[in-house]
Amino acid sequence: MAIGTPLLLDNPVKDSVDYKGRPVYRFNSGGWKSTIFIIVVEVAERSAYYGISGNLITYLTGPLGQSTVTAAENMNVWSGTSWLLPLLGAFVADSFIGRYRTIVVSTLIYILGLGLLALSAVLPPPGSSGCQISDGAGSCSPDPVLILFFFALYLAALGQGGFRPCVQAFGADQFDGQDPEERKAKSSFFNWWNFFMNAGIVGILLALNYIQDNINWGLGFGIPCLILAGALAVFLLGTRTYRYSIRREEERHALLRVGRVFVATIRNWRITTAVASEEETHRAQPHQSSGQFKFLNKALLDPNDSKGDSKVCSLREVEEAKAVLRLVPIWTTCLIYAIVIAQPTTLFTRQALTMNRSVSEDLEFPAASVQLFIPATVVVLVAIYDRAFVPVARALTGEPSGITMLQRIGTGVFLSFLAMVVAALVEMKRLKKAQQYGLVDSPDLTIPMSAWWLIPQNFLLGAADVFTMIGMQEFFYDQVPSELRSVGLALFLSVIGVGNFLSSFLISVIDKATGGDGHYSWFANNLNRAHLDYFYWLLAAMSAVQFVAFLYFGKSYIYSRGGAP
């Protein structure tokens, strides 16, 4: 065999093949050269998402004429759906068609949704033609433009549902965890992934927010559609360079296997015969976590076998179920954080609309632009974190990543608490200014207070993202069985989704509780009569409780695959 053959130059990457199912080698596949194509389509998708969500509340309360509460609820429900659908997308990818095909199909659905959204924005606004009376009825039929708008909005959410859990997992798959050099690069992957993603968001959204507010909403929604279509073409160009994980038949339905363990445990709940002893379990799975959640060992029992010679589930399947179950307390204690980060696209933006946003006599920045300080902060701090903080922390702690994943998440949770405290104080100052200048009953007039006052709370949320959001991405990817990594990232995304639904629920309940008997709701359309400061103080208190709970569960967490001592 010639010396120049790939087999002698490099061993094949284990459990990976190329697009034709052939063995792949490190020197001509994967790594950063492949992830560049994937990062391009990720930046485009995030720009498309924030191109919609970043200014959506302005569109809902402006051209669509909805109240602040209705718009915030619609915004949170759509956003929550967008972040929960990845659970479905991950299941389809991991169990049936794979990550690459799921990315392509979901991106095409996404592009269609964005195109229809742009079309709905150029049609006559809802209600412009008057009430449409249904045949034989005395009420108005739903406006077709409004129907098209929400259909397009949720079609885009469906596309994101398939895209989000797969694209980052597919990017991480380009690094071989068994190779020392690639393992080191993989540890920085999540940091730099978020760096490029947020850098792209800042650059694109500056232009999109201005176009949407000052030129045309149809163009503002149409540009993300064109950007995503171009990025899909770039992603397809990298097809020959990607590494594709081998999907063995027994791994295709990994999520179903985990579910089968829980079903078997419930069915065998009353059985007390110990078929598998603790010692046997430790021999089969030599990891300290085997001693956790011993009740799941009941899934090893066959109720029809009195001697205990046969088993319903294997020890490996039970350990996989335990690994997923260990994530539940961490998932739960991050929900308040998810409620907090739902506020910049809704209430923060509504506050900015009432404040002075002038850059010069003839120019003012769009209200939604205050959100850009979050990704801008991420861009700056990710570079500092990866290049300065991690090496210093690594020398002090001996941890390869500087601090453990849970320490990183907990730091961000604390920063989100500080952000809500600052947000409450700033809103108190804004309300005081409205009183001072007699503008309490003049919501359409600008309060003489600069919107730059909103920067500190956005900066703190950006810093929280660097720790908690990126930390959760790495944690949920790393701490699930390898066959369930798309599902792991979907679990991370579902935290944000459930948090948006909880935010909508909180706003709805508080609005009803505080808006009766002639009193002004905390979320009154006239923000000068509202009390967003009370809401922010409530979120600060909830964040403090969350932080204590997170410390408790984080301290007792046992890492899988040696993620931490």
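Residues numbered from 1 in each chain as written. Predicted model: local features only at pLDDT ≥ 70, side-chain atom pairs only at ≥ 80, totals over all residues. Heavy atoms only, no water.

With that settled, consider the overall build of the protein. Regarding its fold elements, the protein presents 19 helices and five strands. Out of the 565 residues in the protein, the part that is buried amounts to 54%. Counting only contacts in the protein whose residues sit at least 6 apart along the sequence, the fraction spanning at least 24 positions is 80%. Summed over all atoms, the accessible surface of the protein reaches about 24,100 Å², with 64% contributed by carbon and sulfur. (Helix = DSSP H or I, 4+ residues; strand = E, 2+ residues; numbered from the N terminus. Buried < 20%, exposed > 50% of the residue type's maximum accessible area, 1.4 Å probe, protein only. Contact = heavy atoms within 4.5 Å. Areas by Shrake-Rupley, 256 points an atom, 1.4 Å probe, with all protein chains shown as cover.)

Tracing the chain through its elements places Leu153 in helix α6 (residues 144-172). A sequence separation of 43 residues divides Leu153 from Tyr110, and the C-alpha atoms of the two residues are 9.5 Å apart. Discounting chain neighbours no more than four positions away, the residues touching Leu153 are Ile52, Leu56, Trp78 and Leu117.

Applying the stated criterion across every chain yields a total of 41 aromatic pairs. Ring geometry for Phe475 against Phe476: centres 5.3 Å apart, planes inclined by 85°, an arrangement best described as edge-to-face. Neither residue differs from the other here; Phe475 and Phe476 are each classed as buried. Within the aromatic cluster, the residues linked to one another by ring pairs are Phe37, Tyr100, Phe170, Phe235, Tyr242 and Tyr244. (Phe/Tyr/Trp six-rings, centres within 6.5 Å; stacked < 30°, edge-to-face > 60°.)

Turning next to the nonpolar core. One finds Phe235, Met472, Phe475, Phe523, Phe535 and Tyr536 to be the most contacted residues of the largest nonpolar core, which totals 139 residues. Ignoring anything within four residues of it in the chain, the contact list for Phe535 reads Gln343, Leu347, Leu506, Ile507, Ile510, Trp522 and Phe523. (Core = buried A, V, L, I, M, F, W, Y, C linked by side-chain atoms within 4.5 Å.)

Before going further, it helps to examine the pattern of salt bridges. The final tally for this structure, using the stated rule, is 13 salt bridges. Glu45 is the salt-bridge partner of Arg46, the closest N and O atoms lying 2.7 Å from each other. Looking at Arg46, the relative accessible area reads 1%, which means it is buried. Given a relative accessible area of 0%, Glu45 falls into the buried group. Here Glu319 and Lys322 are joined by a salt bridge, their closest N and O atoms 3.6 Å apart. Linking Glu319 with Lys322, this pair stays in helix α11 (residues 315-325), spanning three residues, or about one helical turn. Residue Lys322 is classed as buried on the basis of its relative accessible area of 0%. Where salt bridges share partners, they join Arg257, Arg260, Arg316, Glu317 and Glu320 into one cluster. (Salt bridge = Lys/Arg side-chain N within 4 Å of Asp/Glu carboxyl O.)

Attention now goes to the confidence of the model for the protein. Mean pLDDT over the protein works out to 82, with 87% of the residues at or above the 70 mark. For residues 129-138, every residue scores under 50 in pLDDT, and the model assigns this stretch ten contacts once sequence neighbours within four places are set aside. (pLDDT = per-residue confidence, 0-100.)

This brings us to the packing of helix α3 (residues 68-84) against α6. Put simply, α3 and α6 touch, their axes get as near as 7 Å, and they point 30° apart. Regarding the angle of α3 to α6, the classification is roughly parallel. For the pair formed by α3 and α6, the contact residues are Asn74, Val77, Trp78, Thr81, Ser82 and Trp83 on the first element and Phe150, Leu153, Tyr154, Ala157, Gln160 and Arg164 on the second. For the contact of α3 with α6, the class distribution of residues is seven nonpolar, four polar and one charged. (Axes fitted to C-alpha atoms, helices over the stretch in contact; angles between N-to-C directions. Parallel < 35°, antiparallel > 145°, perpendicular 65-115°, else oblique. Nonpolar A, V, L, I, M, F, W, Y, C, P; charged D, E, K, R; others polar.)

Right, let's talk about the sheet that holds strand β1 (residues 12-17) for a bit. Read across the open sheet, the three strands follow the order β2-β1-β3; overall the sheet is antiparallel. Each having just a single partner strand, β2 (23-25) and β3 (244-245) make up the two edges of the open sheet. When β1 meets β2, the two strands line up antiparallel, connected through two bridges. Residue pairing for β2: Pro12 is matched across the bridge by Tyr25. (Pairing = 2+ DSSP bridges.)

For the rest of this paragraph, the subject is the environment of Glu45. Summarising the element assignment, Glu45 is placed in helix α2 (residues 31-61). Taking the C-alpha atoms as reference points, Glu45 and Ile201, separated by 156 residues in sequence, lie 9.5 Å from one another. The residues contacting Glu45, other than those within four sequence positions of it, are Tyr110, Gln160, Phe163, Arg164 and Leu228.

Turning to a nonpolar patch on the surface, a few remarks are in order. On the surface, a nonpolar cluster with roughly 460 Å² of combined accessible area is contributed by Tyr210, Ile215, Leu219, Val359 and Leu363. Here Tyr210 shows up in helix α7 (residues 180-214). Judged by relative accessible area, Tyr210 falls into the partly exposed class, the value being 37%. (Patch = residues over 30% accessible without salt bridge, like charges linked within 9 Å, V, L, I, M, F, W, Y side chains within 5 Å.)

A word on the environment of Ala233. Summarising the element assignment, Ala233 is placed in helix α8 (residues 217-237). Look at Ala233 and you get partly exposed, because its relative accessible area is 43%. As a C-alpha pair, Ala233 and Val41 span 192 residues in sequence and 8.7 Å in three-dimensional space.

With that out of the way, let us pick up the packing of helix α4 (residues 86-97) against helix α5 (residues 99-122). In contact at an axis separation of 8 Å, α4 and α5 are set at 135° when each is read in the N-to-C sense. In terms of orientation, α4 lies oblique with respect to α5. Judged by the sense of rotation from one axis to the other, the crossing of α4 with α5 is right-handed. Two secondary-structure elements touch here, α4 through Gly89, Ala93, Asp94 and Ile97 and α5 through Arg99, Arg101 and Thr102. Grouping the constituent residues of the contact of α4 with α5 by class yields two nonpolar, two polar and three charged. (Left-handed = near helix turned anticlockwise from the far one by under 90°.)

For the rest of this paragraph, the subject is the side chain of Gln479. Among the structural elements, Gln479 can be located in the loop between α17 (455-478) and α18 (485-514). Side-chain polar atoms of Gln479 contact the side chain of Tyr557, separated by 3.0 Å. (Polar contact = N/O pair within 3.5 Å; in protein donor to acceptor, adjacent residues only side chain to side chain.)

Take the pairing of β1 next. Hairpin connection between β1 and β2: a loop of five residues separates the two successive antiparallel strands, and Gly21 in this loop has a positive phi of roughly 85°. Where β1 lies against β3, two bridges are found, and the strand directions are antiparallel. Directly across from Ser16, in β3, lies its bridge partner Ser245.

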